[in-house]
Amino acid sequence: KVIKLLLLTALFIFTVGAWWYVIGVKEIPMQLQWHEKNTLVAHACGGVGSYQLTNSPEALEENYQKGYRIFEADMCMTADGVLVLEHDWQTYCRKTGMEYQADIFTYQDFMGEKFYDVFSPMDLPGMMELLQKCKKGEKQPPLLQIAGAE
């Protein structure tokens, strides 16, 4: 458990650093006006259609178009050590219709399933690419909070 926690912490720090590098932000001017306009957080990348907690690119894009600029994303590590956007493996099974087993899934398993037969899974590089795409033409890039399961 301690090693897993240390690994998740290190990956979180790396994620934040990579995000800063990819987005190309040297310094974010935190103006009060920006915070006044952006008070809502899209939990698990926000709802999409009638679905919640998808952590999917479709949810992030839809909520960005709706005006959200602060996103929370949940991350799990696959059996082969890849960070993916998912709350936990029981939630993943519920969204994909798979039966939950104590074993966690591989990256290939995760990326090969659609949520509710509609929404795409997302990994960390995919999320970074999508955030960079969303950032274009904006003074303030979207903010991201990453949460880890367990």
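Residues numbered from 1 in each chain as written. Predicted model: local features only at pLDDT ≥ 70, side-chain atom pairs only at ≥ 80, totals over all residues. Heavy atoms only, no water.

1. Focus on unusual backbone geometry
Phi at A44 is positive, roughly 55°, even though this residue is not glycine. Along the polypeptide, A44 turns up in the loop between strand 1 (41-42) and helix 3 (57-65). Overall, the relative accessible area of 0% leaves A44 in the buried class. (Helix = DSSP H or I, 4+ residues; strand = E, 2+ residues; numbered from the N terminus. Buried < 20%, exposed > 50% of the residue type's maximum accessible area, 1.4 Å probe, protein only.)

2. Here we look at the packing of aromatic side chains
Under the defined criterion, the tally for this structure stands at 9 aromatic pairs. Where W89 meets F105, the ring centres are 5.6 Å apart and the plane angle is 55°; that geometry is what we call tilted. In this pair, W89 sits in helix 4 (residues 89-96) while F105 sits in the loop between helix 4 and helix 5 (107-111), placing the two residues 16 residues apart along the sequence. Across this residue pair, the class does not change: W89 and F105 are buried. An aromatic cluster is defined as three or more aromatic residues linked by ring pairs; in this entry it consists of W89, Y92, F105, F110 and F115. Above the face of the Y64 ring, R69 is positioned so that its terminal group lies 3.6 Å from the ring centre. One residue, K95, lies across the ring of F115, its end atom 3.9 Å from the ring centre. (Phe/Tyr/Trp six-rings, centres within 6.5 Å; stacked < 30°, edge-to-face > 60°. Lys NZ or Arg CZ within 6 Å of the ring centre and 35° of its normal.)

3. Section: the pairing of strand 2 (residues 70-77)
In terms of burial, strand 2 is a largely internal element, 7 of the 8 residues being buried. Handedness of the crossover joining strand 1 and strand 2 through helix 3 is recorded here as right-handed. Sheet topology note: the strand 2/strand 3 (residues 83-85) ladder contains 3 bridges and is antiparallel. Residue pairing across strands places C76 opposite V84, the latter belonging to strand 3. (Right-handed = clockwise from strand over helix to strand, strands pointing away. Pairing = 2+ DSSP bridges.)

4. What to know about the environment of E72
Secondary-structure assignment places E72 in strand 2. Distance from E72 to A42, taken between C-alpha atoms, is 6.0 Å for residues 30 residues apart in sequence. At a separation of 2.7 Å, a polar atom in the side chain of E72 contacts the main-chain amide nitrogen of A44. (Polar contact = N/O pair within 3.5 Å; in protein donor to acceptor, adjacent residues only side chain to side chain.)

5. Notes on the nonpolar core
Judged by nonpolar contacts, the single largest core of 27 residues is most densely connected at C45, L60, L85, W89, Y92, M122 and M127. Per-element accounting of this core gives the leading share, 6 residues, to helix 6 (residues 124-135). Non-local contacts of L60, meaning those with residues more than four positions away in its chain, are made with C45, F71, M122, L130, L131 and C134. (Core = buried A, V, L, I, M, F, W, Y, C linked by side-chain atoms within 4.5 Å. Contact = heavy atoms within 4.5 Å.)

6. Regarding the side chain of R69
Structurally, the position occupied by R69 is in the loop between helix 3 and strand 2. The class for R69 is buried, based on a relative accessible area of 14%. In terms of polar contacts, R69 uses its side chain to reach the backbone carbonyl oxygen of Y64, at 2.7 Å.

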